[in-house]
Amino acid sequence: MLTGVACLAIVCVAIVAVLAGEMGEPGGDSVRLANSRLALTFDRQTGALLSLMNLQTGDEYLKDPKLPGNPFVLHVDPTVIPQAARDPGWWSAEVEEDLGGLMVSPGGCRVISLKQQSSRSAATVTIESEHAKTGLRQTLTITLPTQAEYADLTLRVTNTGSLQRTVVTAFPHLRGLSLGPDRETNLGIMMASYGTPGVRAWANSGGWYGRETSMQWQAAYEPRLDEGIGMIIMDPECASKLIRRGPGGLLSTLHYPGTILAPGASHVYPTARLVVHRGTWRVTAQRYSDWYARAFRVRKPPSWLKDVDLYYGGWIPSADQVARAKRESPSDGFTSFERMPLLYRDGPYDLIEWAMYNQGVVDEPESYGPYMGDGLYLFRSDLGGPAAMREGVRRLHAMGRRIMFYVAGNSLLRSSALLKGQRPEDWMLMDRPGHGYDVGYPNGFSVCPGYGPWQQHLAHTARRILAETGADGIRLDELAGFVPCFNPAHRHSSPYDSVRWLRELTRTVRAAMDEVNPDAILLTENPLDAVHESVNGALQMFQPGREIDAMRIAVPTMVGMAYHPGAVESALNGWIGGKVTARRVTWPWEHRGLAGKPDWYADGPGPELRWHELRASFPEAIGEGRVATTDPSAPSDPRWVGRLWRARRYWLLVGGTLDAAPLQGELRVIVPGLPARIRRAVEIDAQTLRPRDADLRRSGGMATIVVRSAVSAVIFPMPDCPPLMDISGELRARRGGEITLDMKPIPLGGRLPSRVRITCPGLIDGSLTARWPGSVRLVVPPDAMIGLYPLRVEGDSLPVKRWIRVADDR
Ligand SMILES: [Zn+2]
């Protein structure tokens, strides 16, 4: 046998050592790869990772390199199924260290070859090591780009022995990490749903990709030292895996279930990118975003979705309520789907998703509650069926409103006509062998998202709903989250392939919808990056606290639809709002590690904000812009939280107290990185929409402004930024009455334009062109329905949106 040193091979493609990164001397005990930002050192005898240095901060991250792992652990012929894989209620993020069988870690291996290569753009080391007892050979390749704050690690495992082996691999599996001397102060992200930063770094956190983690990355960071580490698993195939952090500085991805390796066979694991950086978790999130955008073709939103500022999910009145309306108010009550506009008139919602539109509500009212899955989703006969809904949708569109429909992604009534002549067991989602998954739906059970006939049925249903009604979208409730399925009837190649099934399912549904209306949107309940190629967005429920949610940076095109959050949280995270009131009143997931309502956070829904109108002026920033890596801050009032969005013609600061509590007078806010050519700042109050100058000052390279509002937007115009429009005064009239639109300019530096286009569907046919500054008289038609109408003013100015109220004239 050759020794590790004897078979060492060095290949030097280029000798530009300064550019290519530094490497250790051949023949020493270790080999080191370094650029100006990070360095990795490996043991030449075993191939173990000995050191992971942040060269920008001088911090050695691997405080305890001798633990198993660093950078992988192979569980060979394991005898233990981890609790994560056998207990459907598992959420602890803890995975057994020992799965029985043999544990292979670099410390117990011997290097048989080590190759170094460098070029102008990167340095690469390939370490081949062998585990004598099992005959497994590991080929670990580390690539360090010259100009990046990350290294890419790839692992191939080959069975060189004569016995078949089952291998469950944790790669990377870094142990003993600590940012700075005290790992207890390090922070991480609760990576379920949109991702909540600010949790303890080295506690059990994360888990199955698709459930406890919605994206393929994890991060830890230390604000005191302005540094962090991230792990990105670059797997476009979305194989099942557990991505997590744990006590003792553990950062690990367990590729589960394992791979069977016949003699001579190999398996290559997805490349892991280790990010070692200055700054917060947002650096890793941005690197993930870079990879994700190349690896996935995301579903582009239809242009109309950019005009949606407020959304909610409503229920069509019950069969009893409809029967009563037919008796008591047949001429103006909600007696037919044709009168859908009645359900929109009092709220400034651009888009509403409706449940309880289906015939099951009439046929089996006792089955209806929090879930509504009769399976067929035929339009209710008591409200006129699909023809009436088609007319209702037409009328909504004429008023500038949008409509979508609820479809349950898992749940189905046992009595559903879909199951007639079928064996329900064939459809069932079995979260463990022989056991149906149960979400507690009365008379219901759950169907497997990986079951072909169900995928086809959902596709057919979505297509039919759009074709029959002309609606704008479908939301697949309950999806997209990881649930394993052990139903033998489905012949799944692995019970844990949930993410892949959800991709198939959403692709199938999306393709069917596209046949009818490619501009219709598809939403799910939970966000999962893997389905974003078919899905536009998902509901947002969980509080990100003072931070922006992680997905807003990592997958910024995934649209967040606020469900529990109040207007302040929606404003701070760039979501489509769900409420006009300022505060969150529901604080879910305390049992899953999220903090509940803080003591200082005021009770109740709080004041009404007009953020849903204000945000419509800044689509360049909130819809298409990028949020700055460092938030603005107000050192004298820690209650204040802000974001900075960068657009081409302006920057936008959105800030306020999380519960909309008034400020104690003026507050000076630091605005990091503000370009020198920006010389003005205008604050617009989110409650009154009144503008005021925000006193921009610069001193010692630092820009500051003064804010006064509890919640506001501050625009920082570039020299070519068009003016904003100040439309104040009450926009309210009776039927047949008049509204005067007084359009005053707020000059922001650019040329003052002279013409704008005004639309107000439902009140104005087509559009009006008007000169401004100036005022326009709008006459409300005498037969207009009372309620709210969206007014938009567009042109060379920044866009403006306001809701006009037509009031009762009695
Ligand atoms: Zn299944």
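Residues numbered from 1 in each chain as written. Predicted model: local features only at pLDDT ≥ 70, side-chain atom pairs only at ≥ 80, totals over all residues. Heavy atoms only, no water.

**With respect to the sheet that holds strand E48 (residues 774-779)**
No. 1: If you walk across this open sheet you meet the 3 strands as E43-E45-E48, and the pairing is antiparallel. Edge positions in the sheet fall to strand E43 (724-727) and E48, since each of these pairs with one other strand and no more. The sheet shows a mean angle of 30° between the axes of neighbouring strands, direction not considered.
No. 2: As judged from the 6 bridges shared by strand E45 (residues 738-746) and E48, these two strands associate in the antiparallel manner. Residue Asp742 lies in a different strand from E48, and its bridge partner there is Ser775. (Pairing = 2+ DSSP bridges. Helix = DSSP H or I, 4+ residues; strand = E, 2+ residues; numbered from the N terminus. Axes fitted to C-alpha atoms, helices over the stretch in contact; angles between N-to-C directions.)

**Description of the domain arrangement of the protein chain**
No. 1: Assigned domains of the protein chain: these are domain 1 (9-295), domain 2 (315-539), domain 3 (559-717) and domain 4 (724-807).
No. 2: When each unit is reduced to the centre of its C-alpha atoms, the spacing between domain 1 and domain 2 is 41 Å.
No. 3: With 21 residues of domain 1 at the interface, the matching set in domain 2 holds 19 residues.
No. 4: Buried area between domain 1 and domain 2, summed over both chains or domains, comes out near 1600 Å², and the portion from carbon and sulfur atoms is 56%.
No. 5: Three residues, Pro88, Tyr194 and Tyr292, lead the burial of domain 1 against domain 2; their summed loss comes to 28% of the area buried on that side.
No. 6: At the junction of domain 1 with domain 2, the criterion picks out 0 salt bridges.
No. 7: One can count 9 residue pairs in polar contact (both at pLDDT 80 or more) joining domain 1 with domain 2.
No. 8: Those elements giving two or more residues to the side of domain 1 that touches domain 2 turn out to be helix H2 (83-86), strand E20 (250-261) and helix H3 (282-295). (Domains from an automatic or database assignment. Contact = heavy atoms within 4.5 Å. Buried area = accessible area lost by both parts, 1.4 Å probe. Salt bridge = Lys/Arg side-chain N within 4 Å of Asp/Glu carboxyl O. Polar contact = N/O pair within 3.5 Å; in protein donor to acceptor, adjacent residues only side chain to side chain.)

**Describing the coordination of the zinc ion**
No. 1: Distances from the zinc ion to its protein donors, Cys448 (SG), Cys485 (SG), His490 (ND1) and His492 (NE2), fall within 2.0 to 2.3 Å.
No. 2: Of note is the zinc ion, whose 4 donor atoms meet at the metal with angles of 105 to 119° in an arrangement that counts as tetrahedral.
No. 3: All donors of the zinc ion come from a single chain, and their spacing in sequence reads C-x36-C-x4-H-x1-H.
No. 4: Judged by relative accessible area, Cys485 falls into the buried class, the value being 2%.
No. 5: Of the residues examined, His492 reaches a relative accessible area of 18% and is grouped as buried. (Donors = N, O, S within 2.8 Å, 3.2 Å for Na, K, Ca; no water. Tetrahedral: all angles 85-135°; square planar, octahedral: opposite > 155°, others 65-115°. Buried < 20%, exposed > 50% of the residue type's maximum accessible area, 1.4 Å probe, protein only.)

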